[in-house]
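Given next are the chains, with one letter for each unit.
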Amino acid sequence: MRHGRLPLILSFLLPPLAIYGIFVLSPYLQAFQISTTDWLGYSAQADQVGLANFRTLLHDGYVWNALRNNAILLAVVPVVTIALGLFFASMLTMGGRKGRAGVTGVRGTALYRLVYFFPQVLSVVIIALLWKEIYSPTSGLLNGALRAIGLAEPPAWLGDPRFAFWCVLAVMVWSNVGFYVVLFGAAMQAIPRDIYEAVLLDGASRATMLRKITIPLLWDTIQVAWIYLAIAALDGFILVQLMTNGGPNFSSDVIGLRMYDTSFGSENKFGYASAIGVAMFFLTLSVAVLALRTARRDRIEYS
Amino acid sequence: MSTVRAGVPADRPPRRETGVANVFSHGFLLLWAAMTILPLAWMLLSSLKSNGEIIADPWGLPEALRFDNWARAWTTAHIGRFFLNSLVVVAGSLSLTMLLGATAAYVFARYEFRGRQVVYYLFVGGMMFPVFLALVPLFFVVRSVGLLGTWPGLILVYTAYSLPFTVFFLTAFFRTLPTSVAEAAMIDGCGHFRLFFRVMLPMARPGLISVGIFNFLSHWNQFLLPQVLIPGDGPNRMLAQGLSSLAVSQGYAGDYAQLFAGLTIAVLPVLVVYVAFQRQIQAGLTAGQLK
């Protein structure tokens, strides 16, 4: 019976482990090591500089500027996305008129769900390029509409340091909401109907139902959504690079773009870029842990 | 707005309030649907307009349907070639990911051996790290094995970065499968390999489809990895790279219609597949996140 056991374990496990070790594990380990060198560009010359890169990092105004934008994304994107997702999902699963059938969704729920999910299957590159055109000062959809309603000189959006970052943020929310509508909708459907019907019989309003029943019961899903959106907010690289390239005047810069520019863009400071990468790693990790912890505490309060 | 009205009799629900609320929130639902569809519809319409029409009136309809924009994007901007490139690479990386992911997950789920936990967590721990951290060394690793700028290099890297999640997901899935079937097959003299390929793999089909859809979209939509691993502007780049350089050259040439045509060509097949397999795709992607 034990015949063929070891060959299977070895042949099933070694190839994936080898690929994983070479292309994932070893780069991650090397990154920590490179972050302590002053490696510049493609030469083999690299000296150990200890924690000098991290000291430079602490005083790098561009890095702090980018981090500030990531912090704003982190504070705004998850909250807005989850709020919109919950609102639309609850409309779709139980917003329908109260009839004899009890709690149902609005009419056309299936169609809404189909449409809302569209951005999720588009690549972020396409979303970024399309919205860049929508925001275009002269030929864009947005300013076309603004001019049509009589605004003579609408803003330049991505070309204006006051608006560029918020335009990118809006696209981030736009591209994520549909996914969470579907995710929350699936979780809401798992909640037994009779709970809602009982609460409705007691005369609760829709808003009370959402606040007192749905959200507490969905808390696990919301927590997962929170973590994923927080991680997405710490990235934002593709949207920013393609829509504004961090500009104008670094107003929409994010930390991922800082790192990319430092290593493969305008400079080849591999040592310093790796230090930014290490900082990003610890940042992502602590945000994930923090999100888990705060969410858990809230959950106890609710239940 | 949110008062609990305990005194309202069961047969008289607060109709007026919900009536207003219904119109109000239905309006929001419609508004968001419009905000989702409008950009895509605009992209499609603009891809059929002339550049003059696009600049003169962004909201205007095309006077004639200019499919030559599409032809120009397909040939001059090589969107057609990039599309096929992406298709070939994703076919390779997806097959490899599924094969290696399923075999590794099966071992983790079904076989006891020393150090299994450690190896498993080492493997799955890769999910926690941001790709940015690996970017610089990865470039040199791929270069040192001579695969920089090649499709096999990209396929191996896509696979490597998808394995942690795939293994994590499929291990959980294999554990949910009943052991009785496997034991019966073993008693009938089925070998370990045969058991996997003929019995367990078919039983794991729903899980494989979910994680397969998830991986397909994440490979198809990759931008950062090809940007670093297929540098330059050669003909073997991926679709995402081709589109982004089309956007750059459009900025100089002012050929908006060509850019919109290129975007439309890239979007339409994905959207058609999505509409056809809507339920499986939504289930696959949300399952990926819920775990």
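Values in this document were obtained by computation on a predicted structure and should not be read as measured data.

Scoring rules and cut-offs
- Along each chain, residues carry numbers from 1 onward, in the same order as the chain's sequence is written.
- Written order determines the labels here, with chains lettered from A and ligands numbered from 1.
- Local features are withheld for residues below a pLDDT of 70 in this predicted model, meaning they are given only at 70 or higher, and side-chain atom pairs are given and counted only at 80 or more; totals for whole chains, interfaces and linings count all residues.
- Only runs of H or I of at least four residues qualify as helices and only runs of E of at least two qualify as strands under DSSP, and these elements are numbered from the N terminus.
- Residues with at least 20 other C-beta atoms within 10 Å of their own are called buried, those with 12 or fewer are called exposed, and the rest are partly exposed. The C-beta atoms themselves are positioned from the backbone.
- Our contact criterion uses C-beta atoms placed from the backbone: two residues qualify when those atoms are within 7 Å.
- Helix span is expected to be 1.5 Å times the residue number reduced by one.
- Comment: arc refers to directions from the helix axis out to C-beta atoms.
- Here the term charged refers only to Asp, Glu, Lys and Arg, the term nonpolar to Ala, Val, Leu, Ile, Met, Phe, Trp, Tyr, Cys and Pro, and the term polar to all other amino acids, Gly among them.
- Boundary definitions for the domains trace back to an automatic or database domain assignment.
- A fitted line through C-alpha atoms serves as each axis, taken over the contacting stretch for helices, and the angle formed by two N-to-C directions is quoted from 0 to 180°.
- When an angle is under 35 degrees it counts as roughly parallel; over 145 it counts as roughly antiparallel; between 65 and 115 it counts as roughly perpendicular; any other value is oblique.
- The sense of a crossing depends on the near helix, which, turned anticlockwise from the far helix by less than a right angle, makes the crossing left-handed and, turned clockwise, makes it right-handed.

Let's talk about the overall build of chain B
(1) Moving on: Secondary structure summary: chain B contains 14 helices and 0 strands in total.
(2) Moving on: Each of the three principal axes of chain B carries a C-alpha extent, and together these read 75 × 75 × 35 Å.
(3) Moving on: Within chain B, the fraction of its 291 residues that count as buried is 43%.
(4) Moving on: A separation of at least 24 residues holds for 74% of the contacts in chain B among residues at least 6 apart in sequence.

Observations concerning helix H10 (residues 206-217) of chain A
The α-helix winds at 3.6 residues per turn, so residues separated by three or four positions along the chain end up facing the same way.
All names here are of chain A.
(1) Moving on: If you check H10, its first and last C-alpha atoms are 15 Å apart, about what 12 residues at 1.5 Å a residue would give, namely 16 Å.
(2) Moving on: Within H10, burial applies to Arg 206, Met 209, Leu 210 and Thr 214. When H10 is viewed along its axis, its buried side chains cluster within an angular range of 95 degrees and face the same direction.

Looking at the interface of chain B and chain A
(1) Moving on: With 85 residues of chain B at the contact, the number on the chain A side is 84 residues.
(2) Moving on: Counting residues per element, the side of chain B that touches chain A draws most heavily on helix H1 (residues 15-46) of chain B, which supplies 16 residues.
(3) Moving on: Residues of the side of chain B that touches chain A, tallied by class, amount to 64 nonpolar, 18 polar and 3 charged.

Quick word on the domain arrangement of chain B
(1) Moving on: For chain B, the assigned domains read domain 1 (17-69) and domain 2 (77-254).
(2) Moving on: Taking only C-alpha atoms into account, the centre of domain 1 of chain B sits 36 Å from that of domain 2 of chain B.

Some thoughts on the packing of helix H1 (residues 5-34) of chain A against helix H4 (residues 79-110) of chain B
(1) Moving on: Look at H1(A) against H4(B): their axes get within 8 Å of each other, and the N-to-C directions meet at 125 degrees. Here H4(B) runs oblique to H1(A), going by the angle between their axes. In this structure, H1(A) crosses over H4(B), and the sense of that crossing is left-handed. Taken together, the residues of H4(B) that come into contact with H1(A) (itself represented by Ile9(A), Phe12(A), Leu13(A), Pro15(A), Pro16(A) and Ile19(A)) are Leu100(B), Thr103(B), Ala104(B), Tyr106(B) and Val107(B).
(2) Moving on: Looking at the contact of H1(A) with H4(B), its residues break down into 10 nonpolar, 1 polar and no charged.

Quick look at unusual backbone geometry
(1) Moving on: Unusually for a residue other than glycine, Phe250(A) sits at a positive phi of about 65 degrees.
(2) Moving on: You can see Phe250(A) is positioned in the loop between helix H12 (237-243) and helix H13 (255-264).
(3) Moving on: We note that His78(B) has phi near 60 degrees; this positive angle belongs to a residue other than glycine.
(4) Moving on: Summarising the element assignment, His78(B) is placed in the loop between helix H3 (68-75) and H4.

Digging into the packing of helix H8 (residues 179-187) of chain B against helix H9 (residues 192-203) of chain B
Residues and elements named next belong to chain B.
(1) Moving on: It is the contact of H8 with H9, at a shortest axis distance of 11 Å, that shows an interaxial angle of 160 degrees. One finds that H8 runs roughly antiparallel with respect to H9. Crossing angle aside, the handedness with which H8 passes H9 is right-handed. Contacts between H8 and H9 involve Val 181, Ala 182, Ala 185 and Met 186 from the first element and Leu 195, Val 199, Met 200 and Met 203 from the second.
(2) Moving on: Of the residues assigned to the contact of H8 with H9, the class counts are 8 nonpolar, no polar and no charged.

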